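So the chains spell out like this:
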Amino acid sequence: MSSLAEGIGDPQVRNRGTIGGSIANNDPSADYPSACIALNATIHTNERKIEAAKFFKGMFETALKKGELIEAIEFQIPEKSSYQKHPNPASRYAIVGVYVAKHKGDVNVAVTGAKSCVYNDKEMSKALSGNFSSSSIDGMDLDSSEMNSDMHASADFRASLVVTQAKKAVDAC
Amino acid sequence: MIKSLRVKILINGEIMSKISLEVNGRKVEKEAPDNTLLSTFLREHLQLTGTHIGCDTSQCGACVVHVDGNSLKSCTALAADVNGSKVTTIEGLETNGKMHPMQEAFKKLHGLQCGFCTPGMVMSAIDLLQKNKKPSDTEIRDWLEGNICRCTGYQNIVAAVKEAATKM
Ligand SMILES: Cc1cc2nc3c(=O)[nH]c(=O)nc-3n(C[C@H](O)[C@H](O)[C@H](O)COP(=O)(O)OP(=O)(O)OC[C@H]3O[C@@H](n4cnc5c(N)ncnc54)[C@H](O)[C@@H]3O)c2cc1C
Ligand code: FES
Ligand code: FES
């Protein structure tokens, strides 16, 4: 988590930005949403508790209601975890970022930057839950039809980056 | 960051705040619309135009100032949000007409060409040395990641920061 935080923007951006603001904004390439998904976070607001899996609704959209404020975020401590991102060289936003977390029962592979909203990649989670080794996802051919395509990276390049970053994350665990 | 309660004033339907800051050691109090950025407040309300605006989207770093001792991009902060703080801008660095060691080093080692990025570079670099007295080249480059220079190619900026580290 701390190395994820250190990779956000630059020191002056980090001196101002908060984790609450980042997840409330739910930018498709923001880093913190992936930590929330990977570490089964619970978002505490002034009204209720929301599971991360139900919090991130879509592009720049969350489960927050008008006037609802995030007061705390609770993370589940995993057995092992690592976040790896391929940053945009100018803004440091994730072109693709993957947060792999190995919990007791299963593995979460939270992907940011690749689609319109952060998501848990079920295919890689399944493979890694069976065998927690980067070889079990090596060469995986992910469906790129819903992936972002822009001047920074094509959808196919993003699909390939997701696997590369996930492998790096598993190896770093 | 919010240090004191804001006084709200409604003028011509616009919500104004009374903003009290200590800027370069001088107390200032002015009314400004709620949505006034700190960068705009410094440049247009206080005429401190040494703080430059390159992008207005917190990318380039030309507008870096210190707020309560930490560097921040003044285009990321609302003036009302830093109410009650101590702000230092590039104009506040000299003492009795003598340049700050960081400014001296930039001058001596040609850490600038057009000078547009320089106020932000200098303010960021001073904050780095406040936090890390002897930074390595990598640490300097890493810290200045949010300060973009289109002229120098950065080599002399890094050299200037290293030089200043021996003087500060
Ligand atoms: C140059 C630059 C580079 C950046 N690089 C990265 C990067 O590499 N990775 C990355 O992830 N992000 C990056 N960011 C984004 C940055 O992390 C966010 O802008 C920051 O975290 C937002 O936090 P804030 O507190 O400033 O929120 P604000 O900008 O103040 O608020 C954002 C939104 O969230 C709402 N909000 C804020 N706090 C709460 C709360 N507690 N409860 C409910 N709603 C709330 C606000 O109303 C607003 O709608 C970058 C930004 C810049 C300018
Ligand atoms: S003007 Fe503030 S960072 Fe560019
Ligand atoms: S000196 Fe011209 S932008 Fe840096």
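About the thresholds
- Residues numbered from 1 in each chain as written.
- Chains lettered and ligands numbered in written order.
- Predicted model: local features only at pLDDT ≥ 70, side-chain atom pairs only at ≥ 80, totals over all residues.
- Heavy atoms only, no water.
- Contact = heavy atoms within 4.5 Å.
- Buried area = accessible area lost by both parts, 1.4 Å probe.
- Salt bridge = Lys/Arg side-chain N within 4 Å of Asp/Glu carboxyl O.
- Disulfide = S-S within 2.5 Å.
- Buried < 20%, exposed > 50% of the residue type's maximum accessible area, 1.4 Å probe, protein only.
- Pairing = 2+ DSSP bridges.
- Helix = DSSP H or I, 4+ residues; strand = E, 2+ residues; numbered from the N terminus.
- Axes fitted to C-alpha atoms, helices over the stretch in contact; angles between N-to-C directions.
- Core = buried A, V, L, I, M, F, W, Y, C linked by side-chain atoms within 4.5 Å.
- Expected span 1.5 Å × (residues − 1).
- Phe/Tyr/Trp six-rings, centres within 6.5 Å; stacked < 30°, edge-to-face > 60°.
- Lys NZ or Arg CZ within 6 Å of the ring centre and 35° of its normal.
- Near = heavy atom within 4 Å.
- Polar contact = N/O pair within 3.5 Å; in protein donor to acceptor, adjacent residues only side chain to side chain.
- Areas by Shrake-Rupley, 256 points an atom, 1.4 Å probe, with all protein chains shown as cover.
- 1 Å grid on protein atoms, 1.4 Å probe; cavity = no way out; pocket = protein on both sides within 12 Å on 5 of 7 lines; lining within 4 Å.
- Sits in = over half its atoms within 2 Å of the grid points.
- Domains from an automatic or database assignment.
- Nonpolar A, V, L, I, M, F, W, Y, C, P; charged D, E, K, R; others polar.

## Considerations on the interface of chain A and chain B
If you look at the interface, chain A gives nine residues, while chain B gives 19 residues. Interface of chain A and chain B: buried area, both sides summed, is about 1,000 Å²; carbon and sulfur atoms make up 48% of it. A salt bridge links B:D81 to A:R16, with the nearest nitrogen and oxygen atoms 3.4 Å apart.

## Looking at the state of the cysteines
Residues and elements named next belong to chain A. Throughout the structure, instances matching the rule amount to zero disulfides over all chains. Of the cysteine sulfurs around C117, a residue in no disulfide, the closest is that of C36, at 11 Å. With a relative accessible area of 11%, C117 lands in the buried category.

## Let's talk about the sheet that holds strand β5 (residues 70-74) of chain A
Residues and elements named next belong to chain A. One open sheet accounts for three strands, arranged β2-β1-β5; its pairing is antiparallel. With one partner strand each, in any of the chains shown, β2 (49-51) and β5 form the two edges of the open sheet. Sheet twist, expressed as the average angle between the axes of neighbouring strands with direction ignored, equals 25 degrees. One ladder, built from four bridges, connects strand β1 (residues 42-45) with β5; its direction is antiparallel.

## So, the nonpolar core
Residue and element names in this part refer to chain A. In terms of nonpolar packing, the biggest core is built from 25 residues, with V98, V109, M124, L142, M147 and V162 touching the most fellow members. Contributing elements (two or more residues each) for this core: β7 (94-102), β8 (107-112), α6 (122-130) and α7 (155-172). Per-element tally for this core: the top contributor is α7, with eight residues.

## Brief notes about the pairing of strand β5 (residues 70-73) of chain B
Sheet topology note: the strand β4 (residues 64-67) of chain B/β5(B) ladder contains four bridges and is antiparallel. Bridged to B:V67 within β5(B) is B:N70.

## Brief notes about unusual backbone geometry
Residue and element names in this part refer to chain B. Phi is positive for S58, which is not a glycine, with a value near 65 degrees. Locating S58 in the fold gives a position in the loop between α1 (38-45) and β4. With phi around 55 degrees, H110 is a residue other than glycine that occupies positive phi space.

## A few points about helix α5 (residues 155-167) of chain B
Residue and element names in this part refer to chain B. Between its terminal C-alpha atoms α5 stretches 19 Å, which fits the 18 Å expected from 13 residues at 1.5 Å a residue. Looking only at α5, the buried set comprises I157, V158, A160, V161, E163, A164 and A165. Summarising the contacts, the buried residues of α5 are in contact with α2 (101-108), α3 (118-131) and α4 (137-143).

## What to know about the packing of aromatic side chains
Residue and element names in this part refer to chain A. Under the definition given, this model contains two aromatic pairs over all chains. A ring pair is formed by F55 and F56, whose centres lie 4.9 Å apart and whose planes are at 80 degrees; its orientation type is edge-to-face. The two residues F55 and F56 agree in class, both being buried. The ring of F132 has K102 sitting right over it, with the charged end atom 5.9 Å from the ring centre. The residue whose ring lies beneath K115 is Y119, and the NZ or CZ to ring-centre distance is 4.3 Å.

## What about the environment of A:F132?
Residue and element names in this part refer to chain A. Summarising the element assignment, F132 is placed in the loop between α6 and α7. Taking the C-alpha atoms as reference points, F132 and A90, separated by 42 residues in sequence, lie 33 Å from one another. Setting aside residues up to four positions removed in sequence, F132 forms contacts with K80, V100, K102, V107, V170 and C173.

## Quick word on the site of ligand 1
Every one of the 22 residues lining ligand 1 counts as a neighbour, but A:T18, A:D31, A:I70, A:R92 and B:S58 are closest to it. Residues near ligand 1 are shared among chains A and B, making this a multi-chain site. Here A:I70 contributes a backbone N or O atom positioned 2.8 Å from a nitrogen atom of ligand 1. Contacts to ligand 1 include A:Y93, whose side-chain N or O atom sits 3.2 Å from a nitrogen atom. In isolation ligand 1 exposes 970 Å². Once the protein is present, 67% of that is buried. The pocket occupied by ligand 1, as judged from atoms lying within 2 Å of grid points, is the largest pocket. Considering every element that reaches the shell around ligand 1, the biggest residue donor is helix α3 (residues 19-25) of chain A, with four residues.

## Considerations on the domain arrangement of chain B
Residues and elements named next belong to chain B. Assigned domains within chain B: domain 1 (8-92) and domain 2 (101-167). Listed as interface residues are 18 residues of domain 1 and, on the opposing side, 16 residues of domain 2. In total, about 1,200 Å² of surface goes out of reach between domain 1 and domain 2, with carbon and sulfur atoms giving 56% of it. Broken down residue by residue, the surface that domain 1 buries against domain 2 is led by H52, H66 and I90, which jointly contribute 39%. In this assembly, domain 1 and domain 2 are joined by zero salt bridges. Residues that form the side of domain 1 that touches domain 2 fall into these classes: six nonpolar, 11 polar and one charged.

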